[in-house]
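Remarks on the overall topology
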Amino acid sequence: MGGAVHEELTALPLVDHHCHGVTTGPLDRPGFEGLLGEGGRWPGSGLSPFDTPLGLAVRRHCAPLLDLPRHTPAEEYLARRADLGAAEVNRRFLRAAHTSVLCVDTGYAPAGATSPGQLAQAADAVAHEVVRLETVAEAVAARGVEPDAYPEAFRAAAEEAVRRPGVVAVKSVAAYRTGFALDPARPPDAEVAAAARRWLAHGGGRLADPVLERHLLWAAVDLGLPLQLHAGFGDADLRLHRADPALLTDWLRLTAGTIPVLLLHCWPYQRQAAYLAAVFEQVHLDVGLTLHHVGPARARAVLAEALEIAPFRKLLYSSDACGPAEFYALGALAFRQGLAGLLQDLVDADETDLRDALRIARWAGAENARRVYRFSDVS
Amino acid sequence: MGGAVHEELTALPLVDHHCHGVTTGPLDRPGFEGLLGEGGRWPGSGLSPFDTPLGLAVRRHCAPLLDLPRHTPAEEYLARRADLGAAEVNRRFLRAAHTSVLCVDTGYAPAGATSPGQLAQAADAVAHEVVRLETVAEAVAARGVEPDAYPEAFRAAAEEAVRRPGVVAVKSVAAYRTGFALDPARPPDAEVAAAARRWLAHGGGRLADPVLERHLLWAAVDLGLPLQLHAGFGDADLRLHRADPALLTDWLRLTAGTIPVLLLHCWPYQRQAAYLAAVFEQVHLDVGLTLHHVGPARARAVLAEALEIAPFRKLLYSSDACGPAEFYALGALAFRQGLAGLLQDLVDADETDLRDALRIARWAGAENARRVYRFSDVS
Amino acid sequence: MGGAVHEELTALPLVDHHCHGVTTGPLDRPGFEGLLGEGGRWPGSGLSPFDTPLGLAVRRHCAPLLDLPRHTPAEEYLARRADLGAAEVNRRFLRAAHTSVLCVDTGYAPAGATSPGQLAQAADAVAHEVVRLETVAEAVAARGVEPDAYPEAFRAAAEEAVRRPGVVAVKSVAAYRTGFALDPARPPDAEVAAAARRWLAHGGGRLADPVLERHLLWAAVDLGLPLQLHAGFGDADLRLHRADPALLTDWLRLTAGTIPVLLLHCWPYQRQAAYLAAVFEQVHLDVGLTLHHVGPARARAVLAEALEIAPFRKLLYSSDACGPAEFYALGALAFRQGLAGLLQDLVDADETDLRDALRIARWAGAENARRVYRFSDVS
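Just so it is clear, the model here is predicted, and its values are computed rather than measured. All chains use their own residue numbering, which begins from 1 and follows the written sequence. Chain labels run from A onward and ligand labels from 1 onward, assigned in the order the entries are written. Whole-chain, interface and lining totals are the exception, using all residues; otherwise, since this is a predicted model, local features are given only for residues with pLDDT of at least 70 and side-chain atom pairs are given and counted only at 80 or more. Side-chain metrics in this entry use all non-hydrogen atoms of the structure; hydrogen atoms and water are not considered.

**What about the overall build of chain A?**
Under the DSSP-based scheme used, a helix requires at least four consecutive residues in state H or I and a strand at least two consecutive residues in state E, with every element numbered from the N terminus. For chain A, the helix and strand inventory stands at 18 helices and 7 strands. For chain A, the spread of C-alpha atoms along the principal axes amounts to about 60 × 50 × 40 Å. Here the term buried applies to any residue with accessible area under 20% of the maximum for its type, exposed to any over 50%, and partly exposed to those in between, with areas from a 1.4 Å probe on protein chains only. Looking at the 379 residues of chain A, the share that counts as buried comes to 65%. Contact criterion: two residues are considered in contact whenever any of their non-hydrogen atoms come within 4.5 Å of each other. In chain A, 78% of the contacts between residues at least 6 apart in sequence involve partners at least 24 apart. The accessible surface values rely on the Shrake-Rupley method and a 1.4 Å probe; as for residues, cover is taken only from the protein chains in view. Carbon and sulfur atoms make up 52% of the accessible area of chain A, which amounts to about 12400 Å² in all. Charge convention: Lys and Arg are scored as positive, Asp and Glu as negative, and His as well as the terminal groups of each chain are ignored. The location of each charge is read from NZ of Lys, CZ of Arg, CG of Asp or CD of Glu. Both charge centroids of chain A, one from 37 positive and one from 46 negative side chains, sit 1 Å from each other.

Okay, here's the thing in structure tokens:
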């Protein structure tokens, strides 16, 4: 992989605008495989999560970072990983990602995962925090609240959560809890209270009520911070077709002119997400999570679809790494190789010139995120 | 870009079966940028519509047609454009498109746009007219009609509109007004009158009622002319997922054996459109509008999906150019390069022979449209 | 087409886990063309099903198997086909497919099609049988049943059908009859009886009732055999968007841990199918039918999407050939060329090593099917 665009992206420290903590404890084979699969954890099936595009990519691209040959078998890979220990493994992969800023979703992390501070140190990067609003809501329920007080209690808790130093964005998993086919209107507090009553009567827990999700999304608008929204594939509890970001169109129209919205993952709806980014000023997209799952070999095809009509100021980078630190290295590698391959070919075909291609690379790799999150102000 | 298929397509005058007028007045930077973005017009955002695949394509492929170097910066491009004046600019781009026939949608055009006649002259082509049925309906409402008289008044107005010389087709933007998930049955006049009553009580205006749209689509069947239907992305007021042409299946089944239906744009549902074209005799498709938005660099990928299963007699060319004459040149270029690249590779891989490849190129570029619109009869 | 992966796949006898009988009688041009088009049969239109990617592939890849030059015109192709006779033609194409096992859906076949035994002999393969459950249900209705007795009568008939020797799976066309957006819960017998009453009151016939389809799908769970489910494009009576396999998510969640589910065709939702295969242990996919329709030239692109995130143990091969024996040869060729091209490029780019690539090829071509259908036990 060569060319000037690739060199630029290799040298460029990425802004990873959505990620999670990495595992700090030892990982045996079932433990590691359980974190490899997105939803698929099938002990006893004889099927290994290593036998996936992601598994091939780990053995190909991560093994050399642990001083192993390319394509090292899984057993040997895990043995070496255990020998080095989690701290050293995490440090290597996080450094390999070559990231300057990490926006860490602290609302979801595997047991014993790194804090943002630990992550920042291992990566030699600045860490910011992203507040997951469903986690805030569930905590409000868990500590006890009257249904009528819930609308205001959630708003207050969210405001308090984002006032903590280092918080740069909020996030919702509405796509996975209810899907995006929601009534776009802001629900009146009485309706929210009634929904909260039903939810709390069942002991609270996992928030998956459409009225409560709408309340949460509109609260995000009031908070004024950028809102990250998962779209497309991701958690195992989703219904993929309900996570098509096009379903959010009416809500985006109603909230135009308020907060930046960042569509995460998007696959296989990256074209739909790109359309929204082309039409709505506030909408941005990334193909995080997708990148390490499809691997460097296929990242370019997905990025090409994401960039078919999207404005170049709207594509961001995120790893959505969570658990094994490998995902940090793989996401960054797939992004750099995929985007560089795509842009370099445009230059080679004289469809654009190198100056523009380099600018697009820097925008997507770092500067778009700096603009959206106003990092010149806070970091 | 070389090869026999490319030569054939370069020499072939295209039939552009769906397009609009071009701007005749001067365009300053905000004015030009406002016409570049599909929906996205974000003054003050610091985001320029030039920073898109379309913007790169303008600077790469249109600049030389204005005697500028490739990749000319936007400012210089617009300065040169202003120096030459709209008439010369339009003439250059329209000639570059090398089109023999233009089917001009006169129901929507930017202020001060060319008439079909002016367009024909600038392009050295024959211009026909496409009647936009929503515009007809809105005109019926605007000049005053009793709700009970609306069903018949609309039919009469549509019949009168298509009786004008040069009209070869009608068009509906149902995809953007209500989406395609409509009850497929022909609505009884009483139901149409009731819907008209609600519409007219609010002063008429933008037609977006599902019953009135159904009435309009069935009126198109009665008119007997080919019906152009936008599908997929396009106007800024749409909900993308409702413009999936697959949603129209039941209506297409009910109206099989009547009028030709031409699905326009289709992106990102070009595969769905191709499926319909494969299953229904009356259905055809193009990837107009898409072509200049994705640019020549990506047109081939989109065309490849559109042609995965589609009969070769079902793909047509349209630019859907509207506003800047650049879109005429870019649409034609992207179509020629994309289709030629795709077909030439098939020939080079011996998946087809050159004779068949050239035939497919001529069909898609001109002959399929001539057959559907019976141009041997009317032009 | 060269390389070690291609050699491996060429040498590997495929397991074709879903196919149909082939025509045994003579086929004139209208007859052959009628079987070429998927739904599109347009006599008198002047449009020939030969003018499709499938038609090009027949003339390119099947002609040489009848001792004709590549790209032979349709007339000469059909004349030679008639001269050789159906038996010889079928034998040539079935042998060219180089298949060791055929799982034949006996619930749908063109008039005068081969039996599984005849197919096995012509192909020099072992034939198993797949029971189409809608056919079983329709037969129960046809021979007369009281609505209240229907739920049990269908279950008994299905159990009897699968107890016949050689039956290895059941199949449902729910995607085409009702679509997948069904209530996922098992319907109580009283509800099934009520639906049967409505159905039988109209004389039974084509089963397309959502409650009866749910009953059928849950009966499949009780039968314990692998369940084949069409998804995406296929029969002409479908509504494509309702055949998106993502719509089946809730049912797959409810039935996890029971029977293997095999999503057939999937196009254009191969990414959605791959997602389900990644998330649910029991879900597998193929791109059968798609392969011969898009042809060898485009099979790789479709397979690449199907394999973007899918576990390599989840992709199977099927031809879904039905009618002309050409489809057996073309499906196998497109699968071998597409998968080999894709894997060989991964090897050449050092994204995987040859050993892994060969293993993936064997899995997809044969071993995944052997595992799912437990062929070591029954064949």
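**Some thoughts on the interface of chain B and chain C**
Listed as interface residues are 34 residues of chain B and, on the opposing side, 37 residues of chain C. Accessible area that two parts lose when put together, with a 1.4 Å probe and added across both, is what the buried area reports. When chain B packs against chain C, close to 3000 Å² is buried across both sides, 55% of that on carbon and sulfur atoms. The salt bridge criterion pairs a side-chain nitrogen of Lys or Arg with a carboxyl oxygen of Asp or Glu, the two atoms within 4 Å. Seen at the junction of chain B and chain C, the total is 6 salt bridges. Arginine 239 of chain C is paired through a salt bridge with aspartate 250 of chain B; the nearest N and O atoms lie 2.7 Å apart. By the criterion applied in these results, polar contacts are pairs of N or O atoms within 3.5 Å in which, for protein atoms, one can donate a hydrogen and the other can accept it, and in which residues neighboring in sequence qualify only through two side-chain atoms. The interface formed by chain B and chain C contains 13 residue pairs in polar contact (both at pLDDT 80 or more). Every element with two or more residues in the side of chain B that touches chain C is listed here: helix 12 (249–254), helix 13 (270–279), helix 15 (296–306) and helix 17 (354–373) of chain B. Here the side of chain B that touches chain C gets 6 residues from one element, more than from any other, and that element is helix 13 of chain B. Across the side of chain B that touches chain C, the residue classes break down as 16 nonpolar, 3 polar and 15 charged. Nonpolar residues are Ala, Val, Leu, Ile, Met, Phe, Trp, Tyr, Cys and Pro. Charged residues are Asp, Glu, Lys and Arg, and all others, Gly as well, are polar.

**Some words on the pairing of strand 4 (residues 167–172) of chain C**
Residue and element names in this part refer to chain C. Burial runs high along strand 4: 6 of the 6 residues are buried. In this structure, strand 3 (residues 126–132) lies alongside strand 4, joined through 4 bridges in parallel fashion. Note on strand 4: the bridge partner recorded for glutamate 129 is valine 167. For two strands to count as paired, DSSP must find a minimum of two bridges between them. The pairing of strand 4 with strand 5 (residues 227–231) spans 3 bridges and is parallel. Bridging from a neighbouring strand, lysine 171 pairs with glutamine 228 of strand 5.

**Re the sheet that holds strand 5 (residues 227–231) of chain B**
Residues and elements named next belong to chain B. As summarised here, the arrangement of the 7 strands in space is 1-2-3-4-5-6-7, forming an open sheet in which the pairing is parallel. Only two strands of the sheet have a single neighbouring strand rather than two, namely strand 1 (14–19) and strand 7 (283–285). The mean angle between the axes of side-by-side strands here comes to 25°, regardless of whether they run parallel or antiparallel. Note on method: axes are straight lines fitted to C-alpha atoms, helices fitted across the in-contact stretch only, with angles between N-to-C directions ranging 0 to 180 degrees. Along the sheet face, helix 6 (residues 116–123) touches strand 2 (99–105) and strand 3 (126–132) and points at about 160° away from the line of strand 2.

**Remarks on helix 11 (residues 210–223) of chain B**
Residues and elements named next belong to chain B. Any helix carries an expected span of 1.5 Å times its number of residues minus one. Over its 14 residues, helix 11 runs 20 Å from end to end, which matches the ideal 20 Å to within 8%, given 1.5 Å per residue. Counting buried residues along helix 11, 12 of its 14 residues qualify, which places the element largely inside the surrounding structure. Val211, Leu212, Glu213, Arg214, His215, Leu216, Leu217, Trp218, Ala219, Ala220, Val221 and Leu223 are the residues of helix 11 that are buried. In the stretch just after helix 11, glycine 224 is the one whose phi turns positive, near 85°.

**Details of the interface of chain A and chain C**
Contact residues are listed per partner, giving 37 residues for chain A and 34 residues for chain C. Viewed at the interface, chain C and chain A are joined by 6 salt bridges. Of all the secondary structure elements, the ones that give two or more residues to the side of chain A that touches chain C are helix 3 (53–62), helix 14 (290–294) and helix 15 (296–306) of chain A. For the side of chain A that touches chain C, a count of residues per class yields 15 nonpolar, 11 polar and 11 charged.

**Things to note about the pairing of strand 1 (residues 14–19) of chain C**
Residue and element names in this part refer to chain C. Burial runs high along strand 1: 6 of the 6 residues are buried. Sheet analysis places strand 1 next to strand 2 (residues 99–105), joined by 4 bridges and oriented parallel. Its bridge partner lying in strand 2, leucine 14 is registered against threonine 99.

**Looking at the sheet that holds strand 2 of chain C**
Residue and element names in this part refer to chain C. The strand order across the open sheet built from 7 strands is 1-2-3-4-5-6-7, with neighbouring strands paired in parallel fashion. Of all the strands in the sheet, just strand 1 and strand 7 (283–285) have a single pairing partner and so form its edges. Across this sheet, the average inter-strand angle for adjacent strands is 25°, counted without regard to direction. Contacts from helix 6 (residues 116–123) reach strand 2 and strand 3, with the element oriented near 160° to strand 2. Sheet strands in contact with helix 11 (residues 210–223) are strand 4 and strand 5, and its direction is about 160° off that of strand 4.

**Quick word on the relation of the copies chain A and chain C**
Applying a rotation about an axis and a shift along it to one chain copy brings it onto the other copy. Of the two same-sequence chains, chain A is brought onto chain C (RMSD 0.0 Å, axial shift 0.0 Å) by a rotation of 120°. Put plainly, the chains are arranged around a three-fold axis. An overlap of only 3% is found between the interface residues of chain A and their copies at the interface of chain C, pointing to separate contact surfaces. Residues below a pLDDT of 70 in either copy are left out; the C-alpha atoms of the rest, at least 70 in both, set the least-squares superposition of the copies.

**Points about the side chain of histidine 17 of chain A**
Relative to the assigned elements, histidine 17 of chain A resides in strand 1 (residues 14–19). Not counting the four nearest positions on each side in its chain, histidine 17 of chain A is found in contact with Cys103, Val130, Gln228, Leu262, Leu264, Asp286, Leu316, Tyr317, Ser318, Ala369 and Tyr373 of chain A.

**What to know about the packing of aromatic side chains**
Residue and element names in this part refer to chain A. Under the pairing criterion, centres of Phe, Tyr and Trp rings, with the six-membered ring standing for Trp, must be within 6.5 Å; the plane angle then separates stacked pairs below 30 degrees from edge-to-face pairs above 60, leaving the rest tilted. For the structure shown, the criterion picks out 24 aromatic pairs over all chains. Ring centres of tyrosine 373 and phenylalanine 375 lie 5.5 Å apart, and the angle between their planes is 15°; on these two criteria the pair is classed as stacked. For the residue pair tyrosine 373 and phenylalanine 375, the accessibility class agrees, reading buried in each case. Three or more aromatic residues joined by ring pairs make a cluster, and in this case those are Phe32, Phe50 and Tyr77.

**Observations regarding the pattern of salt bridges**
Counted under the stated rule, the structure contains 94 salt bridges over all chains. Its salt-bridge partner being lysine 171 of chain C, residue aspartate 105 of chain C comes within 2.4 Å of it at the nearest N-O pair. Of this pair, aspartate 105 of chain C sits in strand 2 while lysine 171 of chain C is found in strand 4, placing the two residues 66 residues apart along the sequence. The pair formed by aspartate 105 of chain C and lysine 171 of chain C is uniform in burial state, with each residue classed as buried. It is possible to trace a salt-bridge network through shared partners that takes in Asp67, Arg80, Glu88, Arg91 and Arg92 of chain A.

**Some details on helix 1 (residues 4–11) of chain C**
All names here are of chain C. Taken together, the buried positions of helix 1 are Val5, His6 and Leu9. The buried residues of helix 1 all sit within an arc of 100° when viewed along its axis, so they share a single face. Exposed positions of helix 1 whose direction lies more than 90 degrees from the buried face are Glu7 and Ala11. The inward-facing, buried residues of helix 1 abut helix 16 (326–348) and helix 17 (354–373). An arc is given here, and it is the one of the directions from the helix axis to the C-beta atoms.

**Side note on the packing of helix 10 (residues 189–201) of chain B against helix 11 of chain B**
How two helices sit against one another is set out by the angle between their axes and by the gap between those axes. Residue and element names in this part refer to chain B. Taken N-terminus to C-terminus, the directions of helix 10 and helix 11 make an angle of 130°; their axes are 8 Å apart at the nearest point. Regarding the angle of helix 10 to helix 11, the classification is oblique. Note that helix 10 runs across helix 11; the crossing there is left-handed. For the pair formed by helix 10 and helix 11, the contact residues are Asp189, Glu191, Val192, Ala195, Ala196 and Trp199 on the first element and Val211, Leu212, Arg214 and His215 on the second. Of the residues contributing to the contact of helix 10 with helix 11, the split by class is 6 nonpolar, 1 polar and 3 charged. Geometric relationships in this document are graded by angle, where less than 35 degrees denotes roughly parallel, more than 145 denotes roughly antiparallel, 65 to 115 denotes roughly perpendicular, and other angles denote oblique. If you view the pair so one helix is near and one far, a crossing is left-handed when the near helix is turned anticlockwise from the far one by less than a right angle, and right-handed when it is turned clockwise.

**What to know about the nonpolar core**
Here the nonpolar core consists of buried residues drawn from Ala, Val, Leu, Ile, Met, Phe, Trp, Tyr and Cys, with membership extended through side-chain atoms lying within 4.5 Å. Ranked by internal contacts, the top residues of the largest apolar core, which has 432 residues, are Tyr150 of chain A, Tyr150 of chain B together with Tyr150 of chain C. Look past the residues within four positions of tyrosine 150 of chain A in its chain and what remains in contact with it is Ala137, Val140, Val145, Val192, Ala196, Trp199, Leu207, Leu212 and His215 of chain A.

**Observations concerning the UniProt feature "domain: Amidohydrolase-related" (unreviewed entry) in chain A**
Under the UniProt annotation, the feature "domain: Amidohydrolase-related" (unreviewed entry) is placed at residues 131–375 of chain A. Annotated as 53% helix and 9% strand, the span residues 131–375 of chain A places its first and last C-alpha atoms 17 Å apart. UniProt positions are given in the numbering used here, feature names are shortened, and annotations may be inferred rather than shown by experiment.

**A short note on the relation of the copies chain B and chain C**
Under the fitted operation, chain B is carried onto chain C by 0.0 Å of movement along the axis and a turn of 120°, and the coordinates agree to an RMSD of 0.0 Å. The residues that chain B uses at the interface reappear at the interface of chain C in only 3% of cases, marking distinct surfaces.

**Considerations on the side chain of lysine 171 of chain B**
All names here are of chain B. We classify lysine 171 as buried; its relative accessible area is 0%. Among the polar contacts listed, one links the side chain of lysine 171 to the side chain of histidine 230, at a separation of 2.7 Å. Among all residues touching lysine 171, those that are not within four sequence positions of it are His18, His20, Asp105, Val130, Val131, Arg132, Leu133, Glu134, Leu227, Gln228 and His230.

**Description of the domain arrangement of chain A**
By convention, interface size is frequently given as the accessible area that disappears when the constituent parts associate. All names here are of chain A. Annotation comment: domain bounds sourced from an automatic or database domain assignment. You can read the domains of chain A as domain 1 (4–21 + 97–378) and domain 2 (27–84). In this structure, domain 1 and domain 2 have C-alpha centres spaced 27 Å apart. At the junction of the two partners, domain 1 supplies 18 residues and domain 2 supplies 14 residues. Among the residues of domain 1 in contact with domain 2, His293, Glu326 and Leu330 are the three that bury the most area, contributing 40% of the side total. The interface formed by domain 1 and domain 2 includes 1 salt bridge.

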